[in-house]
Amino acid sequence: MTTLAREPATLARDALTVLQPGFTGTSAPDWLLRRLGEGLASVGLFGRNIASPEQLAALTARLRAERDDVLVAIDEEGGDVTRLEVRGGSSFPGNLALGAVDDTGLTHAVARELGRRLAACGVNLNWAPSADVNSNPDNPVIGVRSFGASPRLVARHAAAWIEGLQGAGVAACAKHFPGHGDTAVDSHHALPRIDADPDTLAARELVPFRAAVAAGTKAVMSAHILLPALDPARPATLSRAALHGLLRAPAAEGGLGFDGLIVTDGIEMRAVADAYGIERGSVLAIAAGADAICVGGGLADEGTVLRLRDALVAAVTDGRLPEERLAEAAARVRALGEWAKSAGGPDAARRIAPAPEAGLTAARRALRITPADTAYVPPAGPVLVAALTPVANIAVGDETPWGVAAELTRLLPGTTTAAYGPEDVADRGASVVVAQMLDAAADRRIVAVVRDVHRHGWMAGVLDTLLAARPDTVVVEMGVPQAPPRGAPHIATHGAARVCGRAAAEVITGVTTRVTTGNEAGH
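Scope of this entry: the structure provided in the associated data block. (Residues numbered from 1 in each chain as written. Predicted model: local features only at pLDDT ≥ 70, side-chain atom pairs only at ≥ 80, totals over all residues. Heavy atoms only, no water.)

**Examining the overall build of the chain**
- When its secondary structure is counted, the chain shows 20 helices and 14 strands.
- Taking 523 residues into account, the globule formula puts the C-alpha radius of gyration at 24 Å, and the chain, at 23 Å, falls close to it.
- For the chain, the C-alpha atoms occupy an extent of roughly 80 × 45 × 45 Å along the three principal directions.
- Residue pairs in contact within the chain that sit at least 24 positions apart in sequence constitute 78% of those at least 6 positions apart.
- When the accessible surface of the chain is totalled, it reaches about 18,700 Å², and 53% of it is carbon and sulfur.
- On the chain, the mean spot of the 49 positive side-chain charges and the mean spot of the 58 negative ones are 4 Å from each other. (Helix = DSSP H or I, 4+ residues; strand = E, 2+ residues; numbered from the N terminus. Rg over C-alpha atoms; globule rule 2.2 N^0.38 Å. Contact = heavy atoms within 4.5 Å. Areas by Shrake-Rupley, 256 points an atom, 1.4 Å probe, with all protein chains shown as cover. Lys, Arg positive; Asp, Glu negative; His and termini not counted. Charge placed at Lys NZ, Arg CZ, Asp CG, Glu CD.)

Structure, rendered in structure tokens:
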């Protein structure tokens, strides 16, 4: 038994302080309000907690009435990953679209407007942006959430995004340290491994994180990935070598010199939970140098909060977790809460001029259009949208709509949609699926909407068969445009946000004549 320097009540309070839990419903449950009074200092919000900006503002005001320095966190990347607009699609394109434009001023403006909207709703910590370099095009979880495959491009846009967001009084959180871009495994499901050597990590993964630290990011989120070059035994979230020895270490010693808040990715994700359990995983994370435990994407109840609180207290009591390390972590959480209290909130939002068109402007500029050999003639009437729909990425979720159907229906009344997934092709075969499309289309133009066609053989097979039968098909790629462009024309949106769909629909219908060819910069 360890002799404690502090009272047990203080220890329990610190243990609550380092948790960032979620909850269910659109109003704060009694248990959450009670725990805020006992030391809980952060709350995480997800799409299930948000019905409207007005409701969200009322919810955060209720939390703040219980604790005025509470950190209200959200996973609002814009683009494919949105919580503010989870049921309608985002008003902002995601990172890949911004990287394709490669205008850091535009990236700053988009992030500032997003931050203004968050601040107006009382949100003061955003678990974004992704600073991952998407060096592996087969990555199943990052993809369009990254600014691109170039470390320097990702670095300059991550810095601009952070400065724009924090200029609105919302703390940024660069993720997923040390970099989740070179993985073919989703850490929601299993433990990814990156076998890059230290020089490669320094020249690729770490470049954007160094830029994020230099830009003043208030927080960094750790990744549940194994990098043997740093630690052969434990994933970065649980690795002292990764968090304390690399992220915290001074630049003179080869580290990043970061002194802000380190928060874990969701501790209930299987990359950690399957091997360690959430209680042990939380203890190991704090011991390794993390300051806050993100939990609640899946486990969102009071029992989980109490389990983790008690696990941290027990670890200090029996000597597995240094008391001063927990106290240090809790102090960093409270310090960020004080910054957010003074810098953010609705008052800060009111001081910023709204920029409602920033997202749509970015989405339009991000389009890359490869014309067919003949001049494109927009359809005069309704079309058939054939959506080839992959299994949803957990980070994105399946609630958020994507595609161009809604916008095309608005611009071309009578437009209909037929959606096909891998199970349809497995059951019936590509030729039968395409025959059904052709029957449904009759004499109408077909717009095929795909997402990461290069990663999905079934999707590529359907597209091959469709283009052979109807070479005038418009192809809209709303994922990473890695496959050679095909279609009449081929439109790469660099993301599936609602504004990306609108920008593509404008080109398809001829509402806008601005055409950027695939030969221009951006790929």
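**A closer look at unusual backbone geometry**
- Looking along the chain, the bond that leaves A128 and enters P129 is cis, with omega of 15°.
- Following the sequence through the fold, P129 ends up in the loop between β4 (125-126) and α6 (151-166).
- Here the phi dihedral of A442 falls at roughly 55°; this positive angle occurs in a residue that is not glycine.
- Examined against the element boundaries, A442 turns out to sit in the loop between α18 (430-441) and β12 (446-450).

**Examining α18**
- With 12 residues, α18 extends 16 Å between its outermost C-alpha atoms, agreeing within 8% with the 16 Å of an ideal straight helix rising 1.5 Å per residue.
- Looking at the buried residues of α18, the elements they touch are β10 (384-388), β11 (416-420), α17 (422-428), β12 and α19 (457-469).
- Immediately beyond the C-terminal end of α18, within one or two residues, lies A442, with a positive phi of roughly 55°. (Expected span 1.5 Å × (residues − 1).)

**Some thoughts on the nonpolar core**
- By size, the foremost hydrophobic cluster in this structure holds 87 residues, and its most contacted members are L19, L45, L63 and F177.
- In terms of residues, this core owes the most to one element, α6, which gives seven residues.
- Non-local contacts of F177, meaning those with residues more than four positions away in its chain, are made with L206, F209, V220, M221, S222, A223, A236, A242, L243, L246, L247 and L256.
- Counting residues in each nonpolar core, the second largest holds 25 residues, with V383, A405, L412 and C500 among its members. (Core = buried A, V, L, I, M, F, W, Y, C linked by side-chain atoms within 4.5 Å. Buried < 20%, exposed > 50% of the residue type's maximum accessible area, 1.4 Å probe, protein only.)

**Looking at empty space enclosed by the protein**
- Throughout the structure, instances matching the rule amount to three cavities of 30 Å³ or more.
- Taken as a whole, the largest cavity encloses approximately 60 Å³ of empty space.
- Lining the largest cavity, in full, are V450, V453, L463, V475, E477, P481, Q482, A483, P484, R486 and H490.
- Residue composition of the lining of the largest cavity, by class: seven nonpolar, two polar and two charged. (1 Å grid on protein atoms, 1.4 Å probe; cavity = no way out; pocket = protein on both sides within 12 Å on 5 of 7 lines; lining within 4 Å. Points joined across faces, edges and corners; volume = space filled by probe spheres on them. Nonpolar A, V, L, I, M, F, W, Y, C, P; charged D, E, K, R; others polar.)

**Thoughts on the sheet that holds β4**
- Strands sit in the order β2-β3-β4 across an open sheet of three strands; the sheet is parallel. On the outer flanks of this sheet lie β2 (42-45) and β4, each paired with one strand and no other. (Pairing = 2+ DSSP bridges.)

**Digging into the pattern of salt bridges**
- By the definition in use, this model includes 39 salt bridges.
- One salt bridge in this structure joins E113 and R117, with 2.9 Å as the shortest N-O distance. Separated by four residues within a single helix, E113 and R117 lie in helix α5 (residues 104-120), roughly one turn from each other.
- Between R307 and E279 there is a salt bridge; the shortest N-O distance is 2.9 Å. In this pair, R307 is assigned in helix α12 (residues 302-317) and E279 in helix α11 (residues 278-288), connecting sequence segments 28 residues apart.
- Residue class for R307 comes out partly exposed when judged on its relative accessible area of 38%.
- Here the salt bridges share partners, and the residues they tie into one network are R248, D259, D291, R325, E328 and R332. (Salt bridge = Lys/Arg side-chain N within 4 Å of Asp/Glu carboxyl O.)

**Considering the environment of R13**
- Within the fold, R13 resides in helix α1 (residues 8-17).
- Between the C-alpha atoms of R13 and L191, which are 178 residues apart in sequence, the distance is 32 Å.
- Apart from residues no more than four positions distant in its own chain, R13 is found in contact with G37, E38, G39 and R334.

**Digging into the sheet that holds β12**
- The strand order across the open sheet built from six strands is β9-β14-β13-β12-β10-β11, with neighbouring strands paired in mixed fashion. Each having just a single partner strand, β9 (368-370) and β11 make up the two edges of the open sheet. Ignoring strand direction, the axes of neighbouring strands in this sheet form an average angle of 20°.
- Taken strand by strand, α18 contacts β10, β11 and β12, and its axis lies near 160° from that of β10. (Axes fitted to C-alpha atoms, helices over the stretch in contact; angles between N-to-C directions.)

**Looking at the packing of aromatic side chains**
- Under the criterion given, the structure shown has two aromatic pairs.
- Residues F46 and W127 carry aromatic rings whose centres are separated by 6.0 Å and whose planes lie at 45° to one another, so their mutual orientation is tilted. Of this pair, F46 sits in the loop between β2 and α3 (53-66) while W127 sits in the loop between β4 and α6, and the two are 81 residues apart along the sequence.
- Overall, F46 belongs to the buried group, its relative accessible area being 15%.
- Between F177 and F209, the ring centres sit 5.3 Å apart and the planes meet at 90°, which makes this aromatic pair edge-to-face. You can see F177 sitting in strand β5 (residues 173-177) and its partner F209 sitting in helix α8 (residues 206-214), a full 32 residues away along the chain. The pair F177 / F209 is uniform in exposure class, with both members buried. (Phe/Tyr/Trp six-rings, centres within 6.5 Å; stacked < 30°, edge-to-face > 60°.)

**Regarding the pairing of strand β6 (residues 219-222)**
- By the alternation rule, side chains of β6 split into A219 and M221 and V220 and S222, which are all buried.
- Of the pairings in the sheet, the one linking β5 to β6 comprises three bridges and is parallel in character. Bridged to A174 within β6 is V220.
- The sheet contact formed by β6 and strand β7 (residues 261-264) spans four bridges and is parallel. Paired with A219 across the bridge in β7 is L261.

**A few points about helix α9 (residues 240-248)**
- What α9 keeps buried is the set A242, L243, L246, L247 and R248. All buried residues of α9 fall inside an arc of 160° around its axis, so they share one side.
- For α9, the secondary structure elements touched by its buried residues are β5, α8, β6, β7, α11 and α13 (323-343).
- Where α9 starts, the residue carrying a side-chain oxygen 3.3 Å from the main-chain nitrogen of A241 turns out to be S239. (Arc of directions from axis to C-beta. Polar contact = N/O pair within 3.5 Å; in protein donor to acceptor, adjacent residues only side chain to side chain.)

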